[in-house]
Amino acid sequence: MPVDINIKEYEEYLNKMGLEKEKYTYMELLAVATAREMPDEAFAFVGTGLPLLAAMLAQHTHAPNMTIILEAGTVGPKIEHIPVSVADPRACYQASTLSTLVDAFGTLAARGYCTLGVLGAAECDKYGNLNSTAIGSYWPKGVSETGKGPDVRLTGSGGANSIASLADKIIAMMVHEKRRLPEKVQYLTTPAGLRGPKGETRYDYGLFRGGDLVVVTDLCKMKPDPETGILYLYEIYPGVDPEYVRQNTGFDLDISRCKVMEPPTAEELMILRMKVDPDRIYLGRKPKRKE
Amino acid sequence: MANDNLKNKVMTAKEAVERFIKPGTHIAFGGFTILRRPMTIAREIVRQGIKDLFVTMNGGTLVEEMLAGAGLIKWLETTYLGLEGGMPVAYAIRQAIESGEIELIEDYSNWSFAQRTLAGRLGLPFMPCLGDIGSDLIEYDTFKKGGLRGKREDGEFIHPGIPPKKYEIIDDPFEGFGLRPKRFKNGEDSCVNKTNAYRDGKIKSTKYTGKEGVKVALVPPLMPEVCVVRAQRVALDGTVRIEGLIGPDLDQSLCGRILIVECERICPPEELRAVPEHNQIAAHFVHAIVEQPFGAYPSAVPNYYDYDYSWFRNYVKEVNHQPKEKVREFWEKHVKETKDDWDYLYNKVGIKKLFSLRTDPKYHYNPNLDRFN
């Protein structure tokens with residue numbers, strides 16, 4: 001896609017926002033790192049926020065033929081204003097069709113039009129299983145033995161489980177903290193990886209697609225080892241120490257195969273700033289990571 | 001038909017709630033996240049203080065957050081609890097589940113739940129789903145643990161809204177014939193997905209059924225007592241036209257027993273019957289029509305008004321991390337003490353605010369709204 005950005009306007013924008021051409025923020029780095037994992041021609045189920053920003057950036061750079069799908073039933077929108085929800089009318093602008101949830105997961109995903117999904121979660125274990133349901137038991141008070149519900153109740157699956165069951169490739173976005181990357185999730189909402197301490201795979205449970213997973217955190221990217229299914233450090237962001245990543249991971253992370261990611265290019269940053277999120281609604285946010 | 005007969009279904013929100021919604025009612029609210037939420041009926045439920053509701057939803061949350069905040073939900077059947085717009089997990093619902101005020105919660109995913117509404121809509125005993133397998137959605141069954149599944153001695157189901165099983169996993173009797181991508185006589189499939197592990201011979205799955213086969217999760221129909229949906233227009237006879245994204249609403253509106261439709265405008269049947277292919281719900285399915293312009297506020301109604309992001313930001317500021325009493329107080333002041341939705345819209349929201357949300361015909365939302373400042 002040709003990018004019609006006026007360089008003079010961009011320079012004025014940088015001045016106004018206090019940004020520099022070659023320097024990037026954490027959120028910009030994350031958007032670029034995620035966008036680069038999105039193949040051209042993909043049919044991508046994305047949520048709002050950073051995943052959508054990354055998808056829009058990918059469309060403006062290496063993946064002009066990617067189709068964005070939102071799980072409430074929107075197919076192929078040309079988004080002009082950043083939506084805050086998958087059902088935001090802003091996410092529907094110039095879509096090819098607007099349909100239903102049954103269509104999003106049936107007519108599209110199950111029928112063969114869901115190659116990529118981008119998911120977030122509270123926990124991601126060493127096999128790439130995701131938890132977005134509950135921490136500290138699951139049972140609600142009516143059937144629990146504790147006289148109360150779970151310690152922390154989270155959003156639940158939403159479309160995450162359905163997308164991970166039907167996509168060829170999953171990008172899981174995580175904040176890289178020890179407690180969020182445990183040996184085993186406390187509730188398995190979404191099998192995003194290959195799974196299995198006993199060598200069993202997702203296929204053994206009857207999931208017929210998927211297995212291609214990349215976990216994008218605010219420090220690095222991890223992928224499952226094709227043999228063991230266990231996540232290893234695959235790419236690290238410029239300036240991050242692999243040992244620091246290992247210490248902030250709740251399972252024993254293999255850092256021996258790690259490469260350093262190419263930093264965001266000036267062009268990627270310019271498109272992200274001028275075309276994708278000029279108001280810096282998401283790019284202006286602080287990283288969630290607690291030091 | 002005389003016009004008077006046509007008006008039989010038209011009623012106020014107060015009448016509709018009094019007539020159809022009782023303590024313990026199994027109820028589904030339409031719309032999705034911040035889109036076309038039936039807030040008029042939901043606010044009237046808060047005003048009337050109808051308790052112990054069994055609420056069922058596929059990705060709603062704004063309505064349910066209010067009902068949980070007002071302490072009215074007892075059981076919840078759901079897929080997603082995010083209050084979009086600055087609150088990752090809807091706080092009042094989360095608090096109610098953690099403390100035990102919501103006694104039971106049953107989880108599904110968006111797809112399996114949508115298939116449940118489809119089975120209900122189509123009048124079929126179940127629908128298949130290829131998700132949820134391999135996850136804890138299958139392993140944890142709250143209603144079973146609570147003794148609510150199955151039949152009583154007299155042969156009736158223990159609860160008419162709770163099927164005897166959460167899932168049934170079977171081996172596809174058609175041996176994976178319908179799975180895509182597929183190999184056709186004249187070549188490879190045209191769809192973009194490339195993996196089909198059954199076809200590639202990667203799967204020899206004996207999980208769940210004990211036999212080798214293509215695993216399919218069957219889900220039971222969703223059949224609530226009452227479904228509530230918001231549409232742009234409803235004709236006097238009950239014919240419904242929804243504009244913009246449908247989301248869960250076609251299937252979820254038609255899967256239950258009673259359907260209440262609230263709308264921006266009631267119109268003559270001829271207006272919608274002139275182009276019937278644009279209508280979604282036939283007249284006879286609708287039991288109550290409630291007209292309330294701007295009644296979906298603070299959610300969005302395409303071609304009428306946008307969502308009010310400032311409302312969400314203010315809500316997050318007022319209630320997040322506050323004790324239960326504070327949350328309840330918010331909803332009492334904000335909704336319960338209003339007389340009806342006109343009172344709410346005039347005096348709690350203001351006409352100026354409402355008109356600032358009016359949509360642009362090109363975008364179907366308001367592109368000039370300053371949502372973030």
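Residues numbered from 1 in each chain as written. Chains lettered and ligands numbered in written order. Predicted model: local features only at pLDDT ≥ 70, side-chain atom pairs only at ≥ 80, totals over all residues. Heavy atoms only, no water.

A. Region of interest: the overall build of chain B. When helices and strands are tallied, chain B shows 14 helices and 13 strands. C-alpha extents for chain B along the principal axes are approximately 65 × 50 × 50 Å. Out of the 373 residues belonging to chain B, those deemed buried represent 61%. Counting only contacts in chain B whose residues sit at least 6 apart along the sequence, the fraction spanning at least 24 positions is 73%. Accessible surface, chain B as shown: approximately 15,200 Å² in total, 52% of it carbon and sulfur. Taken as two groups, the 52 positive and 52 negative side-chain charges of chain B have centres that lie 2 Å from each other. (Helix = DSSP H or I, 4+ residues; strand = E, 2+ residues; numbered from the N terminus. Buried < 20%, exposed > 50% of the residue type's maximum accessible area, 1.4 Å probe, protein only. Contact = heavy atoms within 4.5 Å. Areas by Shrake-Rupley, 256 points an atom, 1.4 Å probe, with all protein chains shown as cover. Lys, Arg positive; Asp, Glu negative; His and termini not counted. Charge placed at Lys NZ, Arg CZ, Asp CG, Glu CD.)

B. Structural detail: the nonpolar core. In this structure, Met 38 of chain A together with Ile 21, Ile 41, Ile 45, Leu 67, Ile 260 and Tyr 315 of chain B are the most contacted members of the largest nonpolar core, which totals 220 residues. Top contributing element to this core by residue count: helix α3 (residues 50–60) of chain A, with 8 residues. Residue contacts for Ile 21 of chain B: discarding those within four places in its chain leaves Ala 16, Ile 27, Ile 41, Ile 45, Ile 50, Leu 53, Val 226 and Ile 260 of chain B. (Core = buried A, V, L, I, M, F, W, Y, C linked by side-chain atoms within 4.5 Å.)

C. View of the environment of Gly 247 of chain B. All names here are of chain B. Note on placement: Gly 247 falls in the loop between β11 (240–241) and α9 (249–254). What makes Gly 247 buried here is its relative accessible area of 0%. Remark: the alpha-carbon pair of Gly 247 and Gly 31, spanning 216 residues in sequence, is separated by 6.7 Å.

D. Fine view of helix α13 (residues 341–349) of chain B. Residues and elements named next belong to chain B. For α13, the complete set of buried residues consists of Asp 341, Tyr 344, Leu 345 and Val 349. Relative to the axis of α13, the buried residues are bounded by an arc of 90° and lie together on one face. Here the buried face of α13 lies against α3 (39–48), α11 (309–319), α12 (324–336) and α14 (351–356). Remark: Gly 350 follows α13 within two positions and exhibits a positive phi of approximately 100°. (Arc of directions from axis to C-beta.)

E. The packing of aromatic side chains, seen in detail. Counted by the stated rule, this structure contains 27 aromatic pairs over all chains. Ring centres of Tyr 187 of chain A and Tyr 140 of chain B lie 5.1 Å apart, and the angle between their planes is 40°; this geometry places the pair in the tilted category. Here Tyr 187 of chain A, found in the loop between β10 (169–174) and β11 (190–191), pairs with Tyr 140 of chain B, found in the loop between α7 (136–139) and α8 (142–145), and the two come from separate chains. Residues Tyr 363 of chain B and Tyr 365 of chain B carry aromatic rings whose centres are separated by 5.2 Å and whose planes lie at 50° to one another, so their mutual orientation is tilted. Every member of this aromatic cluster is reached through a ring pair, and the members are Trp 311, Phe 312, Tyr 315, Phe 330 and Trp 331 of chain B. (Phe/Tyr/Trp six-rings, centres within 6.5 Å; stacked < 30°, edge-to-face > 60°.)

F. Structural detail: the sheet that holds strand β5 (residues 127–129) of chain B. Residue and element names in this part refer to chain B. Pairing in this open sheet of 3 strands is antiparallel, and the strands run β5-β9-β6 from one edge to the other. Every other strand in the sheet has two partners, leaving β5 and β6 (168–171) as the edge strands with one partner each. For this sheet, the mean inter-axis angle between neighbouring strands, taken without regard to orientation, is 40°. Where β6 lies against strand β9 (residues 215–219), 4 bridges are found, and the strand directions are antiparallel. (Pairing = 2+ DSSP bridges. Axes fitted to C-alpha atoms, helices over the stretch in contact; angles between N-to-C directions.)

G. Representation of the confidence of the model for chain B in the model. This prediction gives chain B a mean pLDDT of 95; 99% of its residues lie at or above 70. The complex prediction reports pTM at 0.96, with the ipTM value standing at 0.95. (pLDDT = per-residue confidence, 0-100.)

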